[in-house]
Amino acid sequence: MKKSTFIITLCSVLFVLSVVFAFIPLRQALVIEPRDPSLRLAYIPMKEEAYFKIKYTHSIHLTDVVESYKILPDRKIQQYELMYEDFSIGMPSDSEDGETFVQENGKYYIKNMKRIFPSFYIRIGQVRANHRLIYHKREYPLAKIIKPGASVKIEVRKLSFVQQLKGVNILESF
């Protein structure tokens, strides 16, 4: 085999491998995917057992609510805490079995929650909710990345290089 033929073959093989590799899901991420396929997904690259929170302003009593989550090794999401400031409509008044209800500094907490989901949906607030994702103590307003009013699925999954290019890395967009 001539040297030039070998180089062309090698380049062709490397090109095919790189194209195939670009479509293999390898990077674990917290994915926020709009139900509307015309909207881009947003994501945060994460390792196993990472933590994040979703903070929003309750539409009736206009105070903050913070839902705290943990990513489990099997890529499920566990809600482990809920914090709110008012007992008004839509907020729990007590904890469930195995959970702890605590009042601290004028806020109410339900701790030791073990509510596990493969995924969950939220609708990005258009008026008051101002949904924010909190990761490593930094807040990311979701309405700046995803159209207000959009319904989104939140889940943990692996993304390919191509999916990452098509989506919005939340950590790099602020």
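So, how was this worked out
- Residues numbered from 1 in each chain as written.
- Predicted model: local features only at pLDDT ≥ 70, side-chain atom pairs only at ≥ 80, totals over all residues.
- Heavy atoms only, no water.
- Helix = DSSP H or I, 4+ residues; strand = E, 2+ residues; numbered from the N terminus.
- Rg over C-alpha atoms; globule rule 2.2 N^0.38 Å.
- Buried < 20%, exposed > 50% of the residue type's maximum accessible area, 1.4 Å probe, protein only.
- Areas by Shrake-Rupley, 256 points an atom, 1.4 Å probe, with all protein chains shown as cover.
- Pairing = 2+ DSSP bridges.
- Axes fitted to C-alpha atoms, helices over the stretch in contact; angles between N-to-C directions.

Novice: It is not clear to me how the overall build of the protein should be interpreted in this structure. Could you clarify?
Specialist: Counting its regular elements, the protein contains 2 helices and 12 strands. Its C-alpha radius of gyration of 21 Å places the protein more than 25% over the 16 Å reference for a compact globule of 174 residues. Once the C-alpha set of the protein is aligned to its principal axes, its extents read approximately 80 × 35 × 25 Å. Split into buried and exposed, the 174 residues of the protein put 42% on the buried side. Taken as a whole, the protein presents about 10,600 Å² of accessible surface, with 55% of it coming from carbon and sulfur.

Novice: Is there a simple way to think about the environment of K166 in this case?
Specialist: Assignment of secondary structure puts K166 in helix α2 (residues 161-166). With a relative accessible area of 61%, K166 lands in the exposed category. The sequence separation of K166 and P37 amounts to 129 residues, and the corresponding C-alpha distance is 12 Å.

Novice: How do you make sense of the sheet that holds strand β4 (residues 64-71) when you look at a structure like this?
Specialist: Backbone-to-backbone hydrogen bonds pair the strands of a sheet. The strands run either parallel or antiparallel. Strands sit in the order β6-β7-β5-β4-β3-β9-β10 across an open sheet of 7 strands; the sheet is antiparallel. If you trace the sheet from one side to the other, it starts and ends with β6 (100-104) and β10 (138-141), each paired once. Going from strand to strand, the sheet's axes swing by 25° on average, the running direction of each strand aside. One ladder, built from 7 bridges, connects β4 with strand β5 (residues 77-84); its direction is antiparallel. Note on β5: the bridge partner recorded for V65 is Y84.

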